[in-house]
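A look at the structure
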Amino acid sequence: DGDSELALDPYVFFSVLFGSEHVEPYVGELSIASTFDSLLRLSKRGESTASFESMEDFKAAVGWNVHLLRTRKREADIAIHLRTRINDYVEGFLTLDAFKDSCYEEAATIAKEASGARYLLAIGPAMVAEANYFLGYRKSVVKWRGPVGNLKRKMLKLRRKASMYKSIVYTAKESFGIISSECENIQQEGGVSMTCLSNTMPLILEMAWKINYLDITTTLAGACQKLFYDANILSKEERLLRAQAVHILGTQFYLVGLQEAGNATVSSVDEIKDRANAAFAESMKRGNAD
C-alpha cells in the first residue's frame, strides 16, 4: 500500500480536481499541488526527518528552491498571457465597449466550466485590486486614492487569508467529529477506512478552495506587478492602459462570477466524491506510469 501512496502524482490530482481549460492561463499551476508534493517528499524520508542539520537541508528535502522557481515562472507566464489578452485594447485596435464585450464573453465561457464561477470570483477581485493600486498612485489627481487602493488590496489578501485559516480549523474539527462518530471501521495498520475519508471529502474540498483563493490572489499580485512594471515599456501611457485593461477584465470576471454563483446549484456529496475519485484514479495512473 505504501508504494501506491508514493505513486500518487499531486500535480495530476489537483489538475483534474480543479482543472479548467479556459482559466488555466490566469492561475497557472495551483500551489496546493506543489505543497502536497513537498509533504510527500518529506514523508519519504521517514524517521530521518529529524536528522536535518540546517534549514538548507530542510528546504532541499521539501523542494523549496524548486517551488520558488515554479512560482516565479508561474507569475511570468500569467503576465505574458495578460499582456497578450489586453494588447488589442492597449494598441487601440479595440474600442472600450468592444473590449468589455470580449471580456464578458470570455467570462461567460469560463463560467460554463466546472467551478468556473469560483474561479471568476477568485480572479476578478484580485485583478481589480491590483489595477486600482497601480492607477491610484499614477493616474488619480486625488492623493488619497493611492493609499486607499493599497489598503483595499491588502484587505482582500487579509480577508482571504483569514478565511483560509478559519476553514482549516473548521475542517479539522468537523473531520475529527466524523471520524470519531461515524467511522469505526479502522484498518488494523492504523489507516482510516475509505468510506470515512470519502465522507470528509466535501469539507476538505471546500478548505482547498479557500487555499486556492489566497494562492490566486498572491500569484496575480506578482503577475500584475510584472505586467505593469515591464522594463520594456517606456511610455507611461501604455502602463496606465495596461492597468485600465486589467481593471476592465477583472470587473467583468467578477460580475459574471457573481451572476453565475447566484444561479449555481450546490454540488451533491456524491458528485464531489465522484470528482475526487476520478482525480485520485487519474493521478495514481500517471504516477504509476512514471
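It should be noted that the structure appears before, not after, this text.
Residues numbered from 1 in each chain as written. Predicted model: local features only at pLDDT ≥ 70, side-chain atom pairs only at ≥ 80, totals over all residues. Heavy atoms only, no water.

Our focus in this paragraph is the packing of aromatic side chains. Under the definition given, this model contains six aromatic pairs. With 5.5 Å between their ring centres and 85° between their planes, Phe 134 and Tyr 229 make a pair best called edge-to-face. Residue Phe 134 is located in helix 8 (residues 116–138), and its partner Tyr 229 is located in the loop between helix 10 (194–228) and helix 11 (236–263); the two are separated by 95 residues in the primary sequence. Residue class for Phe 134 comes out buried when judged on its relative accessible area of 2%. The partly exposed category is assigned to Tyr 229, whose relative accessible area is 38%. Linked through ring pairs, Phe 134, Phe 228 and Tyr 229 together constitute an aromatic cluster. The ring of Tyr 133 is capped by Arg 153, whose NZ or CZ atom sits 4.2 Å from the centre of that ring. (Phe/Tyr/Trp six-rings, centres within 6.5 Å; stacked < 30°, edge-to-face > 60°. Helix = DSSP H or I, 4+ residues; strand = E, 2+ residues; numbered from the N terminus. Buried < 20%, exposed > 50% of the residue type's maximum accessible area, 1.4 Å probe, protein only. Lys NZ or Arg CZ within 6 Å of the ring centre and 35° of its normal.)

Attention now moves to the environment of Arg 138. With respect to the helices and strands, Arg 138 occurs in helix 8. The spatial distance from the C-alpha of Arg 138 to the C-alpha of Lys 236 is 9.0 Å, given a sequence separation of 98 residues. Excluding its chain neighbours within four sequence positions, the residues that come into contact with Arg 138 are Tyr 229, Lys 236 and Leu 240. (Contact = heavy atoms within 4.5 Å.)

Let us now look at the pattern of salt bridges. For the structure on display, the rule yields nine salt bridges. Residue Lys 226 pairs with Glu 75 through a salt bridge whose shortest N-O separation is 2.9 Å. Residue Lys 226 is located in helix 10, and its partner Glu 75 is located in helix 6 (residues 64–90); the two are separated by 151 residues in the primary sequence. On the basis of relative accessibility, which here comes to 12%, the residue Glu 75 falls in the buried class. The closest approach of N and O atoms between Arg 85 and Glu 106, which form a salt bridge, is 2.7 Å. Of this pair, Arg 85 sits in helix 6 while Glu 106 sits in helix 7 (residues 96–111); the two residues are 21 residues apart in sequence, bridging distant segments of the chain. Both residues of the pair, Arg 85 and Glu 106, belong to the buried class. Among the charged side chains, a salt-bridge network with shared partners connects Asp 230, Glu 238 and Arg 242. (Salt bridge = Lys/Arg side-chain N within 4 Å of Asp/Glu carboxyl O.)

To continue, consider the nonpolar core. Core analysis: the largest hydrophobic core is formed by 52 residues, its most contacted members being Phe 18, Tyr 119, Ile 123 and Phe 253. Mapped by element, the contributors of at least two residues to this core are helix 2 (10–18), helix 3 (24–27), helix 4 (31–44), helix 6, helix 7, helix 8, helix 10 and helix 11. Broken down by element, this core gets its largest block of residues, 11 residues, from helix 8. Phe 253 has contacts with Tyr 26, Cys 103, Glu 106, Ala 107, Ile 110, Leu 120, Ile 123, Gly 124 and Met 127, leaving out every residue within four places of it along the chain. (Core = buried A, V, L, I, M, F, W, Y, C linked by side-chain atoms within 4.5 Å.)

It is worth stressing that arrangement in space is one thing and function is another; only the former is reported here.
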